[in-house]
Amino acid sequence: VTAHHAPREHLSKSMWEHRDMDGFRVHYVQMPYSNRMSFSKRIESFLKFAWRSAGKAAVLEGDVIFATSTPLTIALPAVYAKWKTKASIVFEVRDLWPELPIALGALRSKPSQMAARWLERFAYRHAEHIVALSPGMADGVTANRGARGKPVSVITNSSDIDLFQSAKPD
């Protein structure tokens, strides 16, 4: 379950689209989203996605729920689907939330920071396994109370740099 981000005028009448890709059925919920949106509008979009995707994820069959952040609100539909299906959650940490938005000044108020920290602990506490994209992120995860005793693996993003080598002139 993922989102199809498009300007509102390009959204289809149906809320959901389905495509088969590489042996997987991918369910796309139509969600307007852009980094140009205000912070509050982006949070609203994240919460709408969580609400809409929770119901879809809860009726899909599978043994594992792979939830990848950001945003941390992705934990909400993942935990709901876990509760409904009894599947395990693998939670991938792509950014250390909420440290990043707090450091950038996006989360300024104490209540919003407290809510974000609670959501972070909630995500880790309900995951059976946590994947971090770097050793530093893994350190940040394991320092969190919600991740105590949880297995944490580091699986870095990588690329084949040979594909990006410029051609040498003859």
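Residues numbered from 1 in each chain as written. Predicted model: local features only at pLDDT ≥ 70, side-chain atom pairs only at ≥ 80, totals over all residues. Heavy atoms only, no water.

> Mind showing me how you'd approach the packing of aromatic side chains here?
How two aromatic rings sit relative to each other is given by the distance of their centres and the angle of their planes. This model, assessed by the stated rule, comprises four aromatic pairs. Geometrically, the ring pair formed by Tyr33 and Phe46 is stacked, given 5.5 Å between the ring centres and 25° between the ring planes. Taken together, the residues Tyr33 in the loop between strand 3 (24-31) and helix 1 (39-59) and Phe46 in helix 1 connect sequence positions 13 residues apart. Accessibility expressed as a relative area gives 22% for Tyr33, which makes it partly exposed. Residue class for Phe46 comes out buried when judged on its relative accessible area of 17%. Summarising the aromatic geometry, the rings of Phe91 and Tyr124 are spaced 6.1 Å apart at their centres and angled 70° between planes, so their arrangement reads as edge-to-face. Of this pair, Phe91 sits in strand 5 (residues 88-93) while Tyr124 sits in helix 4 (residues 110-126), and the two are 33 residues apart along the sequence. Accessibility assignment for this pair places Phe91 and Tyr124 in one class, buried. A cation over a ring is seen here: Lys56 above Trp16, with NZ or CZ 5.0 Å from the ring centre. (Phe/Tyr/Trp six-rings, centres within 6.5 Å; stacked < 30°, edge-to-face > 60°. Helix = DSSP H or I, 4+ residues; strand = E, 2+ residues; numbered from the N terminus. Buried < 20%, exposed > 50% of the residue type's maximum accessible area, 1.4 Å probe, protein only. Lys NZ or Arg CZ within 6 Å of the ring centre and 35° of its normal.)

> What is the right way to look at the layout of surface pockets in this model?
The calculated volume of the largest pocket comes to roughly 1000 Å³. Lining of the largest pocket is provided by 34 residues; of these, Val1, Thr2, Phe66, Ala67 and Ile74 occupy positions nearest its centre. Elements that contribute at least two residues to the lining of the largest pocket include exactly strand 1 (2-5), strand 3, helix 1, strand 4 (64-69) and helix 2 (75-85). Looking at which element gives the most residues to the lining of the largest pocket, the answer is strand 4, with six residues. Looking at the lining of the largest pocket residue by residue, the classes come out as 20 nonpolar, 11 polar and three charged. (1 Å grid on protein atoms, 1.4 Å probe; cavity = no way out; pocket = protein on both sides within 12 Å on 5 of 7 lines; lining within 4 Å. Points joined across faces, edges and corners; volume = space filled by probe spheres on them. Nonpolar A, V, L, I, M, F, W, Y, C, P; charged D, E, K, R; others polar.)

> Which parts of the structure should I look at to understand the nonpolar core?
Soluble globular proteins tend to bury their nonpolar side chains together. The biggest cluster of nonpolar side chains holds 26 residues, and the ones touching the most others in it are Ile89, Phe91, Tyr124 and Ile130. Among the elements of the structure, strand 3, strand 4, helix 2, strand 5 and helix 4 are those that each provide at least two residues to this core. Once residues within four sequence positions are removed from consideration, Phe91 is found in contact with Ala67, Ser69, Leu72, Ile74, Ala75, Ala123, Tyr124, Ala127, His129, Ile130 and Val131. (Core = buried A, V, L, I, M, F, W, Y, C linked by side-chain atoms within 4.5 Å. Contact = heavy atoms within 4.5 Å.)

> How do you make sense of helix 2 when you look at a structure like this?
Within an α-helix, residues lying three or four positions from one another point in the same direction, as the helix has 3.6 residues per turn. Regarding helix 2, the residues found buried are Ala75, Pro77, Ala78, Val79, Ala81 and Lys82. Among the structural elements, helix 1, strand 4, strand 5 and helix 4 are those in contact with the buried residues of helix 2. One or two positions beyond helix 2, positive phi appears at Lys86, with a value near 70°.

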